[in-house]
Amino acid sequence: MDEKTALAPVPGPRDRKPSGKRSEGRLKRLQHLLWSGAVAFVMLATMMLVPVDQFLWMIQSRVANQQPSGEIVFVGSSAEVDGRLTATERKQLVEGLRRLRDAEVAKVYLDFVLHEGDSPDADAELAAAIADFGEDLVLVDQIKPALNGEEELLRSNPIFEGAGGRVITDRSTTWMGYQWTVRGADRAANAPAPFAVALAQEPKAPTGIVQIDYGFDPDLIPAFRLRNVVDGNTSLASLKEKHVVIGPSTSKSTEPVSIPGKYNAPPSYPAIYAAETFKSGRNGFVGGLPLTLLFAAAIAATVLFARLKKVRRIAYVAIALALPGVLFAGAYFGVRTELAYAGALVFAFAAQRSRARWRLRVANIDNDTGLEKLRVLDRAVSQNFLRTGHIVVARLQGLEQVLKTLGSAERSSYILRLVDRLRAADQELAIYIDGHFLAWHSTERDTGRLIEHLEGLRAIFAAPIKVGSESVDVGITFGVASIGEAGRNSVAAAAAAAEETSEAHEPIKIAQVASHHDELWDISLRARIDAAMEAGEIYCVYQPKIDMISGSLTGVEALVRWHDPERGFISPIKFIAQSEKAGRMEHLTRYVLQTACNAGRLMHFRGSAVSMSVNISATLLNDMRIVGIVRNTLQATGFDPRSLILEITETARIGDLAKAATILDELKLLGLKISMDDFGVGAANFETFYGLPFDELKIDRLFVDSISRSEKAKAIASSIIEMGKAARITVVAEGAEDEKTLQILNEIGCRYVQGYALARPLSLTNLLEFQDSYEGSQTGT
C-alpha cells in the first residue's frame with residue numbers, strides 16, 4: 001500500500017450549501033435589509049441628511065459644467081443692496097443706464113432696493129433715467145427672512161418706479177448660504193412676477209417650487225463691472241438685445257450668497273441661474289423616497305433571486321456603484337436627486353452584512369490556524385448535506401502538553417504541520433478543528449477500507465514534526481462514525497469514539513450506535529454552548545426557598561436549563577460537564593450569575609427582598625478570577641450583594657482547601673454569603689465545612705427524601721440542624737417532596753425548606769405570580 005492510498009480520505013463539503021442553510025441566510029439578509037430600510041426612512045422622515053444631499057448637489061453642479069445661454073448679462077455695482085446710495089454712486093448708475101440704453105439692450109433689471117438718498121437732485125436724476133427706459137427697465141423687490149422667522153418684503157421707493165413695473169425675488173438661503181429652489185410662474189395675477197420667470201422670458205415657465213440648476217459654469221455667465229461700463233472699457237455692442245441685471249457685485253450682509261464654485265457670489269446669481277434653468281429645462285428632481293425604495297427593491301431582488309454568493313457580490317457592487325452613477329447621470333441630464341437616504345440604506349445594509357460575516361467568522365473560524373471549527377462540519381451533517389461516507393475525528397494525544405512547551409507563535413505552526421500531513425493525499429481536503437480534535441468527511445463507504453487508510457495515516461505520523469529548532473513527536477488516534485448509521489449525530493459519535501481511543505490499545509475506534517446513541521452527542525455540545533446562550537436556549541428557572549415559620553418566600557435558587565430546538569431538554573449534568581471540558585465554565589457561570597442577579601434585582605424592585613442563590617462549581621475555586629467575575633456582575637447588574645448566596649457544588653473537587661478558603665474570603669468581602677451544597681454526601685463533610693467560611697448548609701436530598709421512612713436519615717438531618725444552630729449557620733433542607741416530609745422537618749426545627757412539596761422550579765414570570773399567590777394564601781387574603 002503506497003502513501004497516497006493510505007491517505008485516501010476524501011474532501012468534505014465545499015462551497016455548496018443545503019437549501020435550509022440558503023433559506024436561513026436569505027431570511028437573515030432580508031432582516032438586515034428591513035433594519036437598514038428602517039434606519040434610512042427614519043432619517044428621511046426627520047430630514048436628517050439634508051446637509052449631505054446639499055453637499056452632493058454641489059458636487060453634481062460642479063461636474064455638469066453646462067454652457068449658459070449667454071442672453072443674460074450681469075453688471076455688478078459696488079453699492080450695498082439694502083443701503084442708501086450716495087450721490088456719486090447714483091450718478092454712476094445713471095450714467096450706466098444711459099450707456100445701456102444706447103447699447104439697445106433688451107431689458108434692464110435693477111436688483112436693488114432703492115431708497116431716497118442724501119441728494120434729492122441725484123434721486124431725481126436717477127428717477128428720470130429709469131423713466132427714460134420706459135417698459136424696458138424693471139425694479140426688483142426682494143423677499144428676505146426676518147429675525148422672527150417670517151418673510152419680509154423690501155421694495156424700492158415709489159419715486160423710482162417707471163413704466164416697466166416690478167418683479168419679486170426670494171433671497172432665502174440654506175445654512176450653507178445656498179438657494180436651491182425658486183418660485184415658478186404660478187403666483188397670483190395681481191402679484192409681481194417672479195424675477196427668474198421674467199428674466200427667462202419663457203412663455204411656458206414651470207410652476208410651483210422649481211429646482212435651480214447650478215450646472216452652468218459661473219465663469220461663462222457674461223458679467224461686467226458698472227464702473228467699466230461707465231468708463232467705456234466694455235464693448236457695449238455685445239450687450240445688444242441682451243437682458244441685463246444690475247446688482248451688487250457681492251453680498252455685504254451677514255448671510256453671503258454662495259453658488260457651487262463661487263463663494264460670496266453676487267446676490268443676483270441665484271435668479272440668473274434659475275432663469276437659465278427655465279431656458280434649458282434642466283429642472284428635474286427625484287426625491288429621497290422613490291430613490292430609497294428603488295435601491296431597497298434592488299437589494300431585495302438580489303437577496304431573493306441571486307442564489308450564488310459570487311452573483312450576489314457582483315450585484316452588491318453594482319448597486320453600490322449605482323449611487324455615484326445616479327449622481328453623475330443627474331448632473332448630465334439636469335436632474336437633482338436626494339441620494340443621501342439611498343446611500344444611508346446601502347451603507348447600513350453593508351455594515352450589517354459585514355458585521356454578520358465578521359461574527360460568522362469569529363464563530364466558525366479558529367483564530368490561530370484559520371481552520372473552520374468542528375461545528376461547521378457538524379452543521380453540514382445535521383442538515384443532511386452529507387448523507388454517505390464517514391466522519392473521521394483525529395485526536396491529537398498529549399496536545400495540551402505539547403502546546404505548553406511551545407511558544408505562542410509556534411503553536412499554530414505545529415497544528416498546521418499536522419494538517420499538512422493529513423492533506424498529503426489531497427491538498428484540498430477540508431479539515432475542521434476543535435481543541436485536540438481534527439476532523440474531516442470521507443466519502444469512503446467501506447469501513448474496513450477506511451480503517452486500512454487510517455492505519456497507513458498513523459504510519460505517516462510516526463515521524464516527528466520539526467517546529468523551529470525542536471523535533472516534536474506526534475500521537476494521533478481516530479474515531480470513526482458512519483453517517484448512514486449515526487445520521488445527524490455522526491460528528492458527536494466520532495468525537496466520542498476518539499475520546500475513548502489510546503495509542504497503545506485502541507488507536508482506531510468505530511462508534512457503536514445503539515439505543516443509548518444520544519449520549520454520544522454530548523461531545524458536540526462544546527461547540528453549541530456559546531451559541532445556545534446567545535440564542536436564549538440556555539436560561540434560568542428559580543426554585544423557591546420557603547421560611548416555614550413565617551410562611552413567606554425568603555429566597556430562590558437559580559437553576560440553569562437548556563432547551564435545544566432539535567434535542568429538547570438537555571440534562572444540566574451533561575452540558576455542565578462539557579462546559580468544564582471545553583474550558584467554558586467561567587463563561588457559563590458569568591451568564592447564569594448575570595441572569596440571576598437581574599432577576600433578583602427585578603424582584604427587589606417589586607418590593608420583595610428575597611435572596612438569590614447561584615451554584616458555583618468547586619473547580620472555579622482554584623483561581624482568583626471567580627472573584628472578578630462576581631464583582632463585575634454585581635456592578636453591571638446593580639444587585640445588592642447582601643442578597644446573593646453562592647452555593648459551592650461538588651466540594652470533592654476542591655484540590656487546595658487553603659487556597660479555596662482565601663478565594664471564598666475575598667468573595668465574602670463583596671458582601672455576599674457562601675453556602676455548602678449537598679452537605680453530608682461525599683466530600684461535602686465536616687472537614688470541608690470546618691476549613692471553609694460557609695454561612696449556610698444545605699442538607700442533601702438523600703437524607704431529606706428518606707426522612708419519613710428512615711429514623712437514621714431523620715437523626716442525621718436533625719443533628720445537622722442542631723449543629724447549624726450552634727454554629728449560627730443557616731440550614732436549608734432541599735428535596736422535600738411531600739407533606740409528611742414537611743411536617744417532620746418542621747418538628748425537628750428546620751426553618752428553611754425547598755422542594756416539590758412547596759413549589760417546582762419556575763420561570764421568572766411564574767415565580768412572581770407564585771410569590772403573590774403563595775404569600776396571599778399564607779396571610780388569608
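Residues numbered from 1 in each chain as written. Predicted model: local features only at pLDDT ≥ 70, side-chain atom pairs only at ≥ 80, totals over all residues. Heavy atoms only, no water.

**Q** Describe helix α5 (residues 120–133), naming the residues involved and giving the relevant values.
**A** With 14 residues, α5 should reach 20 Å at 1.5 Å per residue; the first-to-last C-alpha distance of 20 Å fits that figure. Residues of α5 that are buried include every one of Ala122, Asp123, Leu126, Ala127, Ala129, Ile130 and Phe133, and no others. Buried residues of α5, seen end-on, are gathered within an arc of 160° and therefore sit on one face of the element. Along α5, the residues that are exposed and aim more than 90 degrees away from the buried face are Pro120 and Asp121. Where the residues of α5 are buried, they touch α4 (87–102), β2 (107–110) and β3 (137–145). Two residues or fewer past α5, Gly134 is found with a positive phi of approximately 65°. (Helix = DSSP H or I, 4+ residues; strand = E, 2+ residues; numbered from the N terminus. Expected span 1.5 Å × (residues − 1). Buried < 20%, exposed > 50% of the residue type's maximum accessible area, 1.4 Å probe, protein only. Arc of directions from axis to C-beta. Contact = heavy atoms within 4.5 Å.)

**Q** Go over the packing of aromatic side chains, please, and point to the residues and values.
**A** With the rule as written, the count across this model stands at 11 aromatic pairs. Look at Trp57 and Trp180: their rings are 5.2 Å apart centre to centre, the planes differ by 70°, and that puts the pair in the edge-to-face class. Separated by 123 residues along the polypeptide, Trp57 in helix α3 (residues 50–64) and Trp180 in the loop between β5 (166–170) and β6 (181–183) bring together distant segments of the chain. Per residue, the accessibility class of Trp57 equals that of Trp180, and both read buried. Considering the side-chain rings of Tyr214 and Tyr273, the 5.1 Å spacing of their centres and the 45° angle between planes classify their relative orientation as tilted. Here Tyr273 lies in helix α8 (residues 269–280) and Tyr214 lies in the loop between β8 (209–211) and β9 (223–225), a separation of 59 residues in the sequence. On the basis of relative accessibility, which here comes to 1%, the residue Tyr273 falls in the buried class. (Phe/Tyr/Trp six-rings, centres within 6.5 Å; stacked < 30°, edge-to-face > 60°.)

**Q** Tell me about the pairing of β3, and name the residues and values.
**A** Within β3, 7 of the 9 residues are buried, which leaves it mostly tucked inside the rest of the structure. Note: β2 against β3, 3 bridges, orientation parallel. The partner of Leu110 across the bridge, within β3, is Leu139. Inspection of the sheet shows β3 paired to β5 by 5 bridges, in the parallel sense. When the sheet's bridge partners are listed, Leu139 is paired in β5 with Arg166. As paired strands, β3 and strand β4 (residues 151–154) are joined by 4 bridges and run antiparallel to one another. Bridging across to β4, Gln142 finds its partner in Leu154. (Pairing = 2+ DSSP bridges.)

**Q** So what's going on with the layout of surface pockets? Residues and values would help.
**A** One number sums up the size of the second largest pocket: a volume of about 950 Å³. For the second largest pocket, the lining is made up of 33 residues, of which Glu557, Leu559, Pro572, Asn615 and Asp677 are closest to its centre. Residue classes in the lining of the second largest pocket are distributed as 14 nonpolar, 8 polar and 11 charged. (1 Å grid on protein atoms, 1.4 Å probe; cavity = no way out; pocket = protein on both sides within 12 Å on 5 of 7 lines; lining within 4 Å. Points joined across faces, edges and corners; volume = space filled by probe spheres on them. Nonpolar A, V, L, I, M, F, W, Y, C, P; charged D, E, K, R; others polar.)

**Q** Would you mind going over the pattern of salt bridges in detail, with residue names and values included?
**A** According to the stated counting rule, one finds 28 salt bridges in the structure shown. Its salt-bridge partner being Lys698, residue Glu647 comes within 2.9 Å of it at the nearest N-O pair. With Glu647 in strand β25 (residues 644–649) and Lys698 in strand β27 (residues 696–699), the pair connects residues that are 51 residues apart, well separated along the chain. With respect to class, Glu647 is no different from Lys698; both count as buried. Asp705 is paired through a salt bridge with Arg709; the nearest N and O atoms lie 3.6 Å apart. The network of salt bridges with common partners includes Glu95, Arg98, Arg99 and Glu125. (Salt bridge = Lys/Arg side-chain N within 4 Å of Asp/Glu carboxyl O.)

**Q** Please give an account of helix α12 (residues 374–382) that cites residues and values.
**A** Burial of α12 is extensive: 8 of the 9 residues sit out of reach of the surface. Taken residue by residue, α12 has Leu374, Arg375, Val376, Leu377, Asp378, Ala380, Val381 and Ser382 as its buried positions.

**Q** Quick one: what's the story with empty space enclosed by the protein, residue by residue and with numbers?
**A** Tallied over the entire structure, the rule returns 2 cavities of 30 Å³ or more. The wall of the largest cavity is formed by 15 residues, among which Gln60, Asp213, Gly334, Val335 and Arg336 lie closest to the centre. Put simply, the parts of the chain that give the lining of the largest cavity at least two residues each are α3, α10 (309–333) and β12 (335–337). Here the element with the most residues in the lining of the largest cavity is α3; it accounts for 3 residues. When grouped by side-chain class, the residues that make up the lining of the largest cavity number 5 nonpolar, 7 polar and 3 charged. The volume enclosed by the second largest cavity comes to roughly 70 Å³. If you trace the second largest cavity, you find 10 residues lining it, with Ile168, Thr169, Asp170, Arg183 and Pro194 closest to the centre. For the lining of the second largest cavity, the secondary-structure elements that each account for two or more residues are β5, β6 and α6 (195–200). Here the element with the most residues in the lining of the second largest cavity is β5; it accounts for 3 residues. Of the residues belonging to the lining of the second largest cavity, the class tally is 6 nonpolar, 1 polar and 3 charged.

**Q** Pulling in residues and values, what's your account of the nonpolar core?
**A** The biggest cluster of nonpolar side chains holds 76 residues, and the ones touching the most others in it are Leu644 and Leu646. With 8 residues, helix α20 (residues 585–605) is the largest single contributor of residues to this core. The contacts of Leu646, once residues within four sequence positions are left out, are Leu593, Val614, Ile616, Val630, Leu667, Leu672, Lys673, Ile674 and Ser675. Core analysis: the next-biggest nonpolar cluster, separate from the first, contains 33 residues, Val140, Ala205, Ile212 and Ala265 among them. (Core = buried A, V, L, I, M, F, W, Y, C linked by side-chain atoms within 4.5 Å.)

**Q** Now, about the sheet that holds strand β20 (residues 508–510): what can you tell me, with residues and values included?
**A** Sheet strands pair via backbone hydrogen bonds, and the direction of the pair is either parallel or antiparallel. Read from one edge of the open sheet, 6 strands run β13-β15-β16-β14-β19-β20, paired in mixed fashion. Strands with a single pairing partner mark the edges of an open sheet, and in this sheet they are β13 (372–373) and β20. The sheet contact formed by strand β14 (residues 390–397) and strand β19 (residues 475–482) spans 8 bridges and is antiparallel. Within β19, the residue paired with Ala394 across the bridge is Phe478. Helix α17 (residues 490–499) contacts β14, β16 (437–442), β19 and β20 of the sheet and is inclined by roughly 145° relative to β19. (Axes fitted to C-alpha atoms, helices over the stretch in contact; angles between N-to-C directions.)

**Q** Which residues make up the side chain of Asp111, and what values do they have?
**A** In this fold, Asp111 is placed in the loop between β2 and α5. Residue Asp111 is classed as buried on the basis of its relative accessible area of 1%. Looking at Asp111, its side chain comes within polar contact range of the side chain of Arg171, at 2.5 Å. Those residues in contact with Asp111, other than ones at most four positions away along the chain, are Val140, Gln142, Thr169, Arg171, Phe195, Val245, Ile246, Gly247, Pro248 and Ser268. (Polar contact = N/O pair within 3.5 Å; in protein donor to acceptor, adjacent residues only side chain to side chain.)

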